[in-house]
Each structure stands twice: as C-alpha cells, then as structure tokens.
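Take a look at the letters that make up each chain.
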Amino acid sequence: MKSRLYYAISCFLLAVVLLFLAVPLFAHRLYPKQQAIRVLHTMEKGEQLTDKDIEPITVGALQLSEGIALTEEDVIGRYAAVDLVAEDILFLSKLSQLPLEGNLPKDILPEENTAQLMTLRMIEGSEYPVPETGDVIKINLFDKKWKDIPELQFVRILSVVPPKKAEDTVAVTVALNEKQQQYVKRQKKTVFYASVIVRSNEELAEKLLAEQESFFE
C-alpha cells in the first residue's frame, strides 16, 4: 500500500517538474525568442528615427526571417527608407544610414564604413558649437588634460539626432571603419569630446579623412 502511495507521489512530482521545467524549456527551443525593435507610430520615408519613435520587443525568431534583428543603437539616428506603419518591426532593408534628401558630399559613407551612433560633448569655445551633417570632427578624451585618439582624429558626421531637451551632449551618427567601431565599443563608459574641424570645405575634408584612413594601413 505504501509503495503505491510513494509511486503516486513520485509520479505527481515528476509531472510537476515536467510542467514547470521541461515543457517551458522545450517550448523555448522549439519557438526561440529574440529581441527586436518596432516603430510606435506611422513614419514617412525620409524621416529620422529617435528614441521616441521606437521600442524594444521580444518576438519569435521565426518572425525575423526577413533579416537580422536590430538593437536601439542600430536604429536611432537612421532614416526610414520606406514608409513605416505603427508596430512595424525594423530591419536594415527598411533603414537608410544617410538622409534621403539634401546636398550631401560625394562618398560621405565609404563602402567599408558603417554608421555608428555616438553621444558627444562639444568642446566649449569651438567655432561651431553644434555639429551638422557632412562636418568632419575631431574626437578627444579628457582626463585632467586633453588626450588625442589616433583612431578618431578625423571623423565624418552623417546625421545629428534632435536632442530630447536642452542638453550638454549631442547624439550623432558618424562614419567609422571596422577598427574604429571596435575602439568605440571597448570604450562604452567613456565620455567623448568633439570639435568641428571642417565645414563646407570638401577638399580639405577629403584630405583629412584620407589621412585618417592611412593610420590603419
């Protein structure tokens, strides 16, 4: 009699384990989840995306068959390449790294470069206190004194993200090569300072950017 009771209790405990552990684990493997970014409201082609326009969500990986899932960093500062509707999940195919209109410098984003979102503090006393698309900036560190960053001496600004309010920092997307991106990712908690070096002088801009690229050769 006791053996039957023990057997019944064992079966019950096994059922509980299967219900709360094994079944969810199996379901997760069968229907894996992944983070994605969706649009909160309708946006027209060419509009720039900010943190107010998007939200992270968790979706089934099968829904991401169209392309690789993006993070908020991948999206903020980019432009809608197509008309977007509320709750659209974003993929690279729906985004542009550059404004779709305007007189942009030729080859503003070289093939080997990609757009990188950065938050900068503009150095006080700079000739141009607010950066603009197409500017070439110099990025520095500050630790009791100014420090140059050889990898980020001359960097092209692709776009400027409108600030949420009056702040002493500005969010921009810049054109970086792979090694520059790796450096920025290693310095996640670092405060970067910047000053505009070139504006409306494409000949000088191209010369300085070529000098920057030669550093990596």
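Structure: see above.
Keep in mind that this is a model prediction, so the values were computed, not measured. (Residues numbered from 1 in each chain as written. Predicted model: local features only at pLDDT ≥ 70, side-chain atom pairs only at ≥ 80, totals over all residues. Heavy atoms only, no water.)

*Asks:* What am I meant to see in the nonpolar core here?
*Replies:* Where a protein is soluble and globular, its nonpolar side chains tend to be buried together. Counting 19 residues, the largest nonpolar core has Met118, Leu120, Ile137, Ile139, Leu152, Val174 and Phe192 as the members making the most contacts within it. Only β5 (114-122), β6 (136-142), β8 (155-161), β9 (170-176), α3 (178-186) and β10 (192-198) provide two or more residues apiece to this core. Among the elements that take part in this core, β9 stands out by supplying 4 residues, more than any other. Once residues within four sequence positions are removed from consideration, Ile139 is found in contact with Met118, Leu120, Ile149, Leu152, Gln153, Val155, Phe192, Tyr193 and Ala194. Grouped together as the second largest cluster of nonpolar side chains are 14 residues, Val75, Ile76, Leu84 and Leu95 included. (Core = buried A, V, L, I, M, F, W, Y, C linked by side-chain atoms within 4.5 Å. Buried < 20%, exposed > 50% of the residue type's maximum accessible area, 1.4 Å probe, protein only. Helix = DSSP H or I, 4+ residues; strand = E, 2+ residues; numbered from the N terminus. Contact = heavy atoms within 4.5 Å.)

*Asks:* For this particular structure, what's the right way to read α3?
*Replies:* Working note: α-helix, 3.6 residues per turn, so residues spaced by three or four point in the same direction. Turning to α3, its buried residues are Gln180, Gln181, Tyr183 and Val184. Along the axis of α3, the buried positions cluster into a sector of 160°, meaning they face one direction only. Exposed residues on α3 whose side chains face more than 90 degrees from its buried face are Glu178, Lys185 and Arg186. On its buried face, α3 is in contact with β5, β6, β8, β9, β10 and α4 (202-214). (Arc of directions from axis to C-beta.)

*Asks:* I'm lost on the packing of aromatic side chains in this one. Help?
*Replies:* Taken as a whole and judged by the stated rule, the model has 4 aromatic pairs. Through successive ring pairs, a cluster of aromatic residues spans Phe142, Trp146 and Tyr193. (Phe/Tyr/Trp six-rings, centres within 6.5 Å; stacked < 30°, edge-to-face > 60°.)

*Asks:* Would you take a moment to explain the side chain of Gln180 for this structure?
*Replies:* Position of Gln180 relative to the elements: it lies in helix α3. Among the residues examined, Gln180 registers a relative accessible area of 2% and is labelled buried. Excluding anything up to four places from it in sequence, Gln180 contacts Glu151, Leu152, Val155, Ala175, Gln212 and Phe216.

*Asks:* Could you clarify how one ought to interpret α4 in this entry?
*Replies:* With 13 residues, α4 extends 18 Å between its outermost C-alpha atoms, agreeing within 8% with the 18 Å of an ideal straight helix rising 1.5 Å per residue. Considered for burial, the residues of α4 that qualify are Ala205, Leu208 and Gln212. Mapping the buried residues of α4 onto a view down its axis gives an arc of 70°, with all of them on the same face. Opposite the packed face of α4, turned more than 90 degrees from it, sit the exposed residues Glu203 and Lys207. Those residues of α4 that are buried lie in contact with β6, β8, α3 and β10. (Expected span 1.5 Å × (residues − 1).)

*Asks:* In this structure, what is going on with the pattern of salt bridges? I would like to understand it.
*Replies:* Between side chains of opposite charge, a pair can form when the charged atoms approach closely. A full pass over the atoms with the stated rule returns 5 salt bridges. Note that Glu132 and Arg199 form a salt bridge whose closest N and O atoms lie 3.5 Å from each other. Highlighted residues: Glu132 in the loop between β5 and β6 and Arg199 in the loop between β10 and α4, separated in sequence by 67 residues. For Arg199, a relative accessible area of 19% gives the class buried. Among the salt bridges present, the one from Arg156 reaches Glu202, with a minimum N-O distance of 2.6 Å. Taken together, the residues Arg156 in strand β8 and Glu202 in helix α4 connect sequence positions 46 residues apart. Note on Arg156: relative accessible area 3%, which makes it buried. Judged by its relative accessible area of 26%, Glu202 is partly exposed. (Salt bridge = Lys/Arg side-chain N within 4 Å of Asp/Glu carboxyl O.)

*Asks:* What should I look at first to understand the environment of Gln35 in this one?
*Replies:* Note on placement: Gln35 falls in strand β1 (residues 33-39). Assessed through its relative accessible area of 44%, Gln35 is described here as partly exposed. In this structure, the C-alpha to C-alpha distance between Gln35 and Leu70, residues 35 residues apart in sequence, is 7.9 Å.

*Asks:* What exactly am I supposed to notice about the pairing of β5 here?
*Replies:* The pairing of β5 with β9 spans 7 bridges and is classified as antiparallel. Directly across from Thr119, in β9, lies its bridge partner Ala171. Of the pairings in the sheet, the one linking β5 to β10 comprises 3 bridges and is parallel in character. Considered in β10, the bridge of Arg121 is made with Tyr193. (Pairing = 2+ DSSP bridges.)

*Asks:* Would you explain the side chain of Gln153 in this entry?
*Replies:* Within the secondary structure, Gln153 sits in the loop between β7 (146-148) and β8. A relative accessible area of 18% places Gln153 in the buried class. Apart from residues no more than four positions distant in its own chain, Gln153 is found in contact with Ile137, Lys138, Ile139, Asp148 and Gln212.

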